[in-house]
Amino acid sequence: LSARKFTDKHEWISVANGIGTVGITDFAQEALGDVVYCSLPEIGTKLSKHDEFGALESVKAASELYSPLTGEVTEINGALADNPGLVNKSCYQDGWLIKMTV
Amino acid sequence: MVLQPSLKNCFRLSCVLRTPKAGFRSTASGALIIQSVSNDVYQNLAVEDWIHDHMDLEKRQVLFLWRKQKNIKLARRRSGGGTVYHDLGNINLTFFTTRKKYERMENLKLVVKALKALRPQLDIHVTDRYDILLDRHYKISGTAAKLGGTSAYHHCTLLCNADKFVLSSVLKSPYKGLKSNATPSVPASVKNLFEEDPSLTSEMLLDAIAKEYATQHQIDHHITLLNPADETLLPGINNKTKELQTWEWVYGKTPKFSISTCLNMAYKDSLLDIKVNMDVKHGRIEVCNIDLPEQWLPPALYSKLVKSLTGSKFCPNETTTLVTTLLRVCPQDDELHSRWNLLCENMIMLM
């Protein structure tokens, strides 16, 4: 069972077998309102800790996302393209954003 | 209208921008009001980016006032939300704060208070959607925002004296058969404040809002003029301005959409109904299907066309270049050339 770690911004990361899954906290999704669009990086993008890796858009507000650790993006949550609301409904499970090597 | 900021103002601004903790006699540390001397949309959006990235908003919040000139340029802003039409009669206000102090409602209430102080008879209020309505019905302001790690900005517009005719024709989408996951636009009736009270000007509104902001932040009612092209004052600003104009930013960030439509082409004695389906992602054509009658174009040529379009920009200029190049390697056959041109003209008109 991997522990979920929280950044001092609004992201969490949960690491298992060298791969970290990144998402935003319940507090963050609540503050954002209904997410209507997720702007996520391409697979293979190299990120340093604290790098901006994308943004979540709710109606009329775009909120930046910051990488909790250094690594490379291995997967992005394809379900969010058609269903961005998953970030609000299930921010710790189905609403994950990216996976990265750590 | 380009005013040169005085040397004194430049000095103060550069100090403020570089060492925000430096104590200033007249600007108390609470806040700063800046007005752009430029009406260029890209330069002003670049200033927003610059302030967002470089200024320490913990000690000093900022109000940035600006307007955009009339020749219609397309710009993508970094905050969310829908399309806005701007000319000099539609002003912009950007409220910069730390992320913790991000408060759109408070900002809009400030604007309403300023307007009411100027013209007490105005019936204006803020809605849940962060719009400002005149006479309970007409939208005079819309809002968008960007939240960063530690800083945030909320910008909004104010319709003073914009050209409503151009506004509604420009905001109308010509595309039929376009599907995407974009948030549906909420149309609204609009009105200029000038129509309600012809004595009002954009300058008066900007000034009234600056005055209210100054009162609420307990600072001097002083507006510092800013030249958004000044690289000394704002290191890196010209790069930001350039980036905002690149195809990659303006069009290349477009979320996935698909077009499913019919080209109605009159060719010789017949009327052709050609079904076209395209999937476009990040401004590039991912999938392209053109339902031509069999042998209308030689199959080899058709497949060359589709292959070339796939992966290229959904852009009339790029497509024109592409099809012109392809035509050069075609046999000199007038019939073929005229069919090709007809089809390509229609395809380009879709973009």
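Placed above this text is the structure.
What comes next concerns the included structure. In this text the structure is predicted, and so the values were computed from the model without any measurement. (Residues numbered from 1 in each chain as written. Chains lettered and ligands numbered in written order. Predicted model: local features only at pLDDT ≥ 70, side-chain atom pairs only at ≥ 80, totals over all residues. Heavy atoms only, no water.)

### What to know about the interface of chain A and chain B
To keep things clear, this is the line we draw: Whether two residues are in contact is decided by their heavy atoms: any pair within 4.5 Å suffices. For any pair of parts, buried area is found by adding up, for both, the accessible area (1.4 Å probe) each one loses once the two are put together. Each salt bridge in this description consists of a side-chain nitrogen of Lys or Arg and a carboxyl oxygen of Asp or Glu lying within 4 Å of one another. Starting at the N terminus, helices and strands are each numbered in turn, a helix being any DSSP run of H or I of at least four residues and a strand any DSSP run of E of at least two.
Every contact between the two is made by 16 residues of chain A and, on the other side, 23 residues of chain B. Carbon and sulfur atoms supply 43% of the area buried between chain A and chain B, which totals about 1400 Å² over both sides. At the surface where chain A touches chain B, the tally comes to one salt bridge. One salt bridge in this structure joins A:E64 and B:K146, with 2.6 Å as the shortest N-O distance. Where the side of chain A that touches chain B is concerned, the elements lending two or more residues are strand 4 (35–39), strand 7 (61–66) and helix 2 (79–82) of chain A. The leading source of residues in the side of chain A that touches chain B is strand 7 of chain A, at five residues.

### Looking at the pairing of strand 7 of chain A
Regular strands have side chains that alternate between both faces of the sheet. For the record, the criterion: Any residue under 20% of the maximum accessible area for its type is buried, any over 50% is exposed, and the rest in between are partly exposed; the area is computed with a 1.4 Å probe on protein chains only. DSSP-based pairing: two strands are paired if at least 2 bridges between them are found.
With six of six residues buried, strand 7 of chain A lies mostly within the body of the structure. The alternating pattern of strand 7 of chain A places A:A61, A:S63 and A:L65 on one face and A:A62, A:E64 and A:Y66 on the opposite face, and all of these are buried. Here strand 6 (residues 52–58) of chain A pairs with strand 7 of chain A via six bridges, running antiparallel. If you follow A:A55 over to strand 7 of chain A, its bridge partner there is A:E64. Pairing of strand 7 of chain A with strand 7 (residues 143–147) of chain B, which is carried by three bridges, proceeds in the parallel orientation.

### Examining the pairing of strand 9 (residues 98–101) of chain A
Residues and elements named next belong to chain A. Judged by which residues are buried, strand 9 turns out to be one-sided: I98 and M100 face inward and are buried, whereas K99 and T101, on the alternate face, are not. Pairing of strand 3 (residues 19–24) with strand 9, which is carried by four bridges, proceeds in the antiparallel orientation. Bridge pairing links V22 to I98 in strand 9. Pairing of strand 8 (residues 71–76) with strand 9, which is carried by three bridges, proceeds in the antiparallel orientation.

### A closer look at the environment of A:V15
Residues and elements named next belong to chain A. On the secondary structure map, V15 appears in strand 2 (residues 11–16). Overall, V15 belongs to the partly exposed group, its relative accessible area being 33%. As for V15 and I43, which are separated by 28 residues in sequence, their C-alpha atoms are 18 Å apart.

### Overview of the sheet that holds strand 13 (residues 284–291) of chain B
Residue and element names in this part refer to chain B. The cut-off we apply is this: Angles here are taken between N-to-C directions and fall from 0 to 180 degrees, while the axes themselves are lines fitted to C-alpha atoms, restricted in helices to the stretch in contact.
Judged by pairing direction, the sheet is antiparallel, and its four strands sit side by side in the order 9-11-12-13 without closing on themselves. This sheet does not close on itself; its edge strands, each paired only once, are strand 9 (178–180) and strand 13. Adjacent strand axes in the sheet meet at a mean angle of 15° when their direction is disregarded. Pairing of strand 12 (residues 270–281) with strand 13 involves seven bridges; the strand directions are antiparallel.

### Re the layout of surface pockets
Using the following cut-off: Buriedness for pockets is judged along seven lines, at least five of which must meet protein on both sides within 12 Å for an open set on the 1 Å grid over protein atoms alone, while cavities are sets there where a 1.4 Å probe fits but cannot get out, and lining residues have an atom within 4 Å of a point. Grid points are joined across faces, edges and corners, and a volume is the space filled by probe spheres set on the points. When residues are sorted by character, Ala, Val, Leu, Ile, Met, Phe, Trp, Tyr, Cys and Pro go into the nonpolar class, Asp, Glu, Lys and Arg into the charged class, and all the rest, Gly among them, into the polar class.
Considering only enclosed or pocket space, the second largest pocket measures out at about 290 Å³ in volume. Of the residues assigned to the lining of the second largest pocket, the class counts are one nonpolar, five polar and seven charged.

### Describing the sheet that holds strand 2 of chain A
All names here are of chain A. With antiparallel pairing, six strands are arranged side by side in an open sheet as 1-2-3-9-8-5. Each of the sheet's edge strands pairs with one partner strand only, and the pair in question is strand 1 (4–6) and strand 5 (46–47). Both strand 5 and strand 8 contribute to a ladder of two bridges, which runs antiparallel. Residue pairing in the sheet places L47 in a bridge with G71 of strand 8.

### Topic: the pattern of salt bridges
Under the defined criterion, the tally for this structure stands at 17 salt bridges over all chains. Notably, a salt bridge pairs A:K46 with A:E72, separated by 3.4 Å at the nearest N-O pair. Within this pair, whereas A:K46 is found in strand 5, its partner A:E72 is found in strand 8, the two being separated by 26 residues in sequence. With relative accessibility at 66%, the residue A:K46 sits in the exposed group. In this structure, B:K256 and B:E286 form a salt bridge, with 3.9 Å as the shortest nitrogen-oxygen distance. Highlighted residues: B:K256 in the loop between helix 8 (247–250) and strand 11 (257–267) and B:E286 in strand 13, separated in sequence by 30 residues. Residue classification places B:E286 among the partly exposed residues on the basis of a relative accessible area of 37%. Among the ionic contacts, a cluster of salt bridges with common partners joins B:D49, B:R78 and B:E243.

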